[in-house]
Amino acid sequence: MIERIASSAEAAKMVRGLPSLEVRDQIARECVNIAYGFFSPLQGFMNRADVDSVARQMTLANGYVWSIPIVLDAAPDELSGLGVRSGDSLLLTHQGHPLAVMEIEEIYSYDKEFLARQIYGTAETAHPGVQRTHSYRDRFVAGPVTLVNPPVMNPPFDRFWRTPRQIRESFAQLGWTKVVAHQTRNVPHSGHEWLMKGAWLAAGADGILVSAVVGEKKPGDYIDEAIVLGHQCLRDAGFFRQDVHQTSILLWDMRYAGPREAVFHALVRKNLGCTHHMFGRDHAGVGNYYGTYAAHQIFDELPDLGIKSVLTLEWWYCPICAGVAYEGLCGHQDQKQELSGTYIRSIIQGGVEPAPLTLRPEVLEVVQDCAQKYGFGSPFVTETYLQDRTPVMSMQDMACRCCSDT
Ligand SMILES: [Zn+2]
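Since the model is a prediction, treat every value here as computed from it, not as a measurement.

Turning next to the packing of helix α5 (residues 112–120) against helix α6 (residues 128–135). Relative to each other, α5 and α6 sit at 155°, their axes nearing to 9 Å. Between α5 and α6, the interaxial angle falls into the category roughly antiparallel. Once α5 is placed against α6, the crossing between them reads as right-handed. Only G129, V130, T133 and H134 of α6 make contact with α5, whose side of the interface consists of K112, L115, A116, I119 and Y120. Looking at the contact of α5 with α6 residue by residue, the class counts come to five nonpolar, three polar and one charged.

What follows is the structure, given as structure tokens:
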């Protein structure tokens, strides 16, 4: 288990006199994930040997299965301006405040076109992951990072933010030995609720960890606040017992890498102490780049990862069964009423009265509250939300932390 957090006394010494590089949101989130062990066994941003091995054979250079490159990119002139080279330490800042110290192990360049093709299985720039890879600047800076100034999570995310250590401790307190992870970027409708219930039964699990991905947003996505509070509402309203359900956040920018991202999600949730991971239709996919169940099939080709995948088919509303029914059981395919994202969106936007058993009224109420409180009137991301929302995490002055520690 990796944990690379400096005490405030150590941190003050570590940062003294270092050249500094301001990092964007994605990189700041990844620093936090490395430092708290979400990305164990990574201790820092990847070197060339690891990136190359991940690209070619989906393992780190030491053979450990790893599917997504975690790299810190920088412009060549930015680095020469700082005058840093291998062996130097570099202060990474975010929002103008110290965040982490990196011990530079290597500065290198890598063929981005090759990398994109290997990770995403396509070179088409319409793919958002390919686009992200091409937008990386021309040098990658590798080396271990240590957090010197942990960010503060803002409400309501502070309630859902726990480090891998804290999550494992909470599982131990609850007596959970088998835990099924549910990855989400959605407000939960009844289909999601039943997916979780079905996976819990299928895995013989003690608990369900909802792990909401919080990262870059685009207009039309659900606002982050509605996602986490919507899931929490399922527990508060008793659809899940208090002792079988927890909601948490994972700071991560989706790569839409389909099967490779499924493997990555499994590795991260294993680090949280989960024993099972749910994978539905087209998990972490985009467009038509991956097979519907590619995220399931990839696990067959891998050695035991220490976390099992739970295959989840679709749930729909069936008027003949008179309830939410499972694709694998209900034979009234021609009568099914799909719980599609579009349908649920129209309910949330107020155009359609929710049919029973589609969206819990309690969840709808929470989502509508979130729209007013956090979404500038909308439960979906707008340009206003992107510009004016309260950030998920904020940096504060290092001095403040020293004072508050003593
Ligand atoms: Zn049926």
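The next point concerns the pairing of strand β7 (residues 139–147). Of all nine residues making up β7, seven are buried, and the element is well covered by its neighbours. With two bridges connecting them, strand β2 (residues 44–45) and β7 associate as antiparallel partners. Each residue of the ladder has a partner; that of G44, found in β7, is P144. As paired strands, strand β5 (residues 97–103) and β7 are joined by three bridges and run antiparallel to one another. Residue pairing across strands places M102 opposite V145, the latter belonging to β7. In the sheet, strand β6 (residues 106–108) pairs with β7 via three bridges, with the strands oriented antiparallel. Paired with E106 across the two strands is A142, which belongs to β7.

Looking at the assigned domains, one finds that the chain contains domain 1 (8–150) and domain 2 (157–388). The C-alpha-based centres of domain 1 and domain 2 are spaced at 29 Å. A total of five residues in the side of domain 1 that touches domain 2 trace back to one element, the largest contributor, which is helix α2 (residues 25–36). Residue composition of the side of domain 1 that touches domain 2, grouped by class: eleven nonpolar, nine polar and two charged.

As a further point, take the sheet that holds strand β14 (residues 315–318). As summarised here, the arrangement of the three strands in space is β15-β14-β16, forming an open sheet in which the pairing is antiparallel. The outermost strands of the open sheet, each flanked by one partner alone, are β15 (323–326) and β16 (337–338). Summarising the sheet, β14 and β15 pair through four bridges and their orientation is antiparallel. Its bridge partner being in β15, Y317 is matched across the sheet by V324.

Summarising the element assignment, S346 is placed in helix α12 (residues 341–348). Judged by local crowding, S346 falls into the partly exposed class, with 13 C-beta atoms found within 10 Å. C-alpha separation for the pair S346 and A126, spaced 220 residues apart in sequence, amounts to 27 Å.

Here the focus is the sheet that holds strand β10 (residues 207–214). What the five strands build is an open sheet, ordered β11-β10-β9-β12-β13; its pairing is parallel. Whereas interior strands pair on both sides, the edge strands pair on one side only; in this sheet they are β11 (245–251) and β13 (308–311). Taking each pair of neighbouring strands and ignoring which way they run, the sheet shows an average axis angle of 30°. Examined bridge by bridge, β10 and β11 share seven bridges and lie parallel to one another. Each residue of the ladder has a partner; that of V210, found in β11, is T247. The strands touched by helix α8 (residues 190–203) are β9 (179–184), β10, β12 (276–279) and β13; relative to β9, the strand with the most contacts, the crossing angle is about 155°. Sheet strands touched by helix α10 (residues 259–271): β9, β10, β11, β12 and β13. Its angle to β12, the strand with the most contacts, is close to 150°.

So, how was this worked out
Residues numbered from 1 in each chain as written. Predicted model: local features only at pLDDT ≥ 70, side-chain atom pairs only at ≥ 80, totals over all residues. Axes fitted to C-alpha atoms, helices over the stretch in contact; angles between N-to-C directions. Helix = DSSP H or I, 4+ residues; strand = E, 2+ residues; numbered from the N terminus. Parallel < 35°, antiparallel > 145°, perpendicular 65-115°, else oblique. Left-handed = near helix turned anticlockwise from the far one by under 90°. Contact = placed C-beta atoms within 7 Å. Nonpolar A, V, L, I, M, F, W, Y, C, P; charged D, E, K, R; others polar. Buried ≥ 20, exposed ≤ 12 C-beta atoms within 10 Å, placed from the backbone. Pairing = 2+ DSSP bridges. Domains from an automatic or database assignment.

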